[in-house]
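Next come the chains, spelled out residue by residue.
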Amino acid sequence: MLLFYLFLLLTSCSLSAQETQHKNDPLSFSFPLTSLPRSPRASPSFYSSFISQTKKASTLKSSSFSSSPYNYGSGFKYSMILLVSLPIGTPPQTQQMILDTGSQLSWIQCHKKFPRKPPPSSVFDPSLSSSFSVLPCNHPLCKPRIPDFTLPTSCDQNRLCHYSYFYADGTLAEGNLVREKITFSRSQSTPPLILGCAEESSDARGILGMNLGRLSFASQAKLTKFSYCVPTRQVRPGFIPTGSFYLGENPNSGGFRYISLLTFSQSQRMPNLDPLAYTVAMQGIRIGNQKLNIPISAFRPDPSGAGQTMIDSGSEFTYLVDEAYNKVREEVVRLVGPRLKKGYVYGGVSDMCFNGNAIEIGRLIGNMVFEFDKGVEIVVEKERVLADVGGGVHCVGIGRSEMLGGAASNIIGNFHQQNIWVEFDLANRRVGFGKADCSRSV
């Protein structure tokens, strides 16, 4: 069973949305979120809880992106997952959902076997929503071989469309496919969206699937863009950092720098390629002032499709193919080799770990920079190069993707997205980055 660092407790079941409108500006909504620590550190063995094993698809449909019909701003708490709170149903019920740009299906918890809890409750009660409906077996999505959506579906005993969804870490979500609205205010809501209504799941929260698939939340809601800002992991007593999540326009976007998304035609589809991921053209990696000798081809899909570089909010660490990982490790060993924790491999994927003073070791390693085209960079400052993995051990937040099983890819995880805005401009097929103090950007 998957454990998480933190349990989120909403202080009120009601939605206290602040609604403002300026001339020619769309509506903007902001919802507060309170976070509480829960348990000791979870097992580190999984790389990305929410990269679906069933996300490979055959056809990428082009979406019609008109102007976003709404703007929405929300806070999320950083742990090893990014959690947002969305108002679902009519009237809305607040649901905790994990923001995942690496998967397609969005789903909420609908545990029928549990009695309804008093507010706040993490379980969605379909009987309280007038906009809720269940997909029958004869719905087209309940047929096999649906393009762009490889979710295993079947008819249950009630002739409803049943699904089972497995993630890379073994997490299971199982239930019925349904239609439901996201209700931002009395006057603003999405049309009914296809979601999973999970009756069996190994975690109490749902998933907000945000990849390029036609049935992701982003595609169904016809978003032109969305963005988030991941706060730093450091937590001091009495203060838990909270970042931001926007649907639609972001008031901070004026300073963003953009890179183009790589797209793949049907003839370019390869068995190990994920055409629905947010794939970018990484150019190289620097550590301190040293540009590592990694060929650009290490960051591009090979003839089988393996090796693409993707931005993924659902992965904690960054993962590199061996050709790139080995060069990073060589430089780390050159800089701080005697301090490496001998014979230690974190989570089976990273052997760049240390005992001792993490601040001092980070200073010796220096800043780490991920280079993209057009001179765009993600700068990981030396204070954030090492991740605290518990037991007095700190590791460089990078793992070998070959050790994950399946095809190896380069994945920029949320550990290396701290204190930057990441905007997915879907209408213009690009990703933007902007430096920020994410704990102050709500």
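Everything below is about the structure shown above.
Residues numbered from 1 in each chain as written. Predicted model: local features only at pLDDT ≥ 70, side-chain atom pairs only at ≥ 80, totals over all residues. Heavy atoms only, no water.

**Student:** Tell me about the sheet that holds strand β23 (residues 368-372), and name the residues and values.
**Tutor:** Taken together, the 4 strands give an open sheet; going across it, the order is β19-β18-β23-β24, and neighbouring strands pair in antiparallel fashion. Edge strands, defined here as strands with exactly one partner in the open sheet, are β19 (290-291) and β24 (377-380). Note that strand β18 (residues 282-287) and β19 share 2 bridges and pair antiparallel. Residue pairing in the sheet places arginine 286 in a bridge with lysine 291 of β19. Packing of helix α2 (residues 322-336) onto the sheet brings it into contact with β18 and β19, and relative to β18 it is tilted by some 10°. (Pairing = 2+ DSSP bridges. Helix = DSSP H or I, 4+ residues; strand = E, 2+ residues; numbered from the N terminus. Contact = heavy atoms within 4.5 Å. Axes fitted to C-alpha atoms, helices over the stretch in contact; angles between N-to-C directions.)

**Student:** Explain the nonpolar core residue by residue, including any values.
**Tutor:** Ranked by internal contacts, the top residues of the largest apolar core, which has 70 residues, are Met210, Phe226, Ile285, Phe370 and Val396. Per-element accounting of this core gives the leading share, 5 residues, to α2. Those residues in contact with valine 396, other than ones at most four positions away along the chain, are Phe317, Val332, Ser350, Met352, Phe354, Ile365, Met368, Val385 and Leu386. Grouped together as the second largest cluster of nonpolar side chains are 17 residues, Ile81, Leu105, Cys142 and Leu215 included. (Core = buried A, V, L, I, M, F, W, Y, C linked by side-chain atoms within 4.5 Å. Buried < 20%, exposed > 50% of the residue type's maximum accessible area, 1.4 Å probe, protein only.)

**Student:** Account for α2, with residues named and values stated.
**Tutor:** In this model α2 runs 20 Å from its N-terminal to its C-terminal C-alpha over 15 residues, within 8% of the 21 Å that 1.5 Å per residue would give. Restricting attention to buried positions, one finds in α2 the residues Ala324, Tyr325, Val328, Glu331, Val332 and Val336. Here the buried residues of α2 occupy an arc of 130° about the axis, which is enough to place them on one side. (Expected span 1.5 Å × (residues − 1). Arc of directions from axis to C-beta.)

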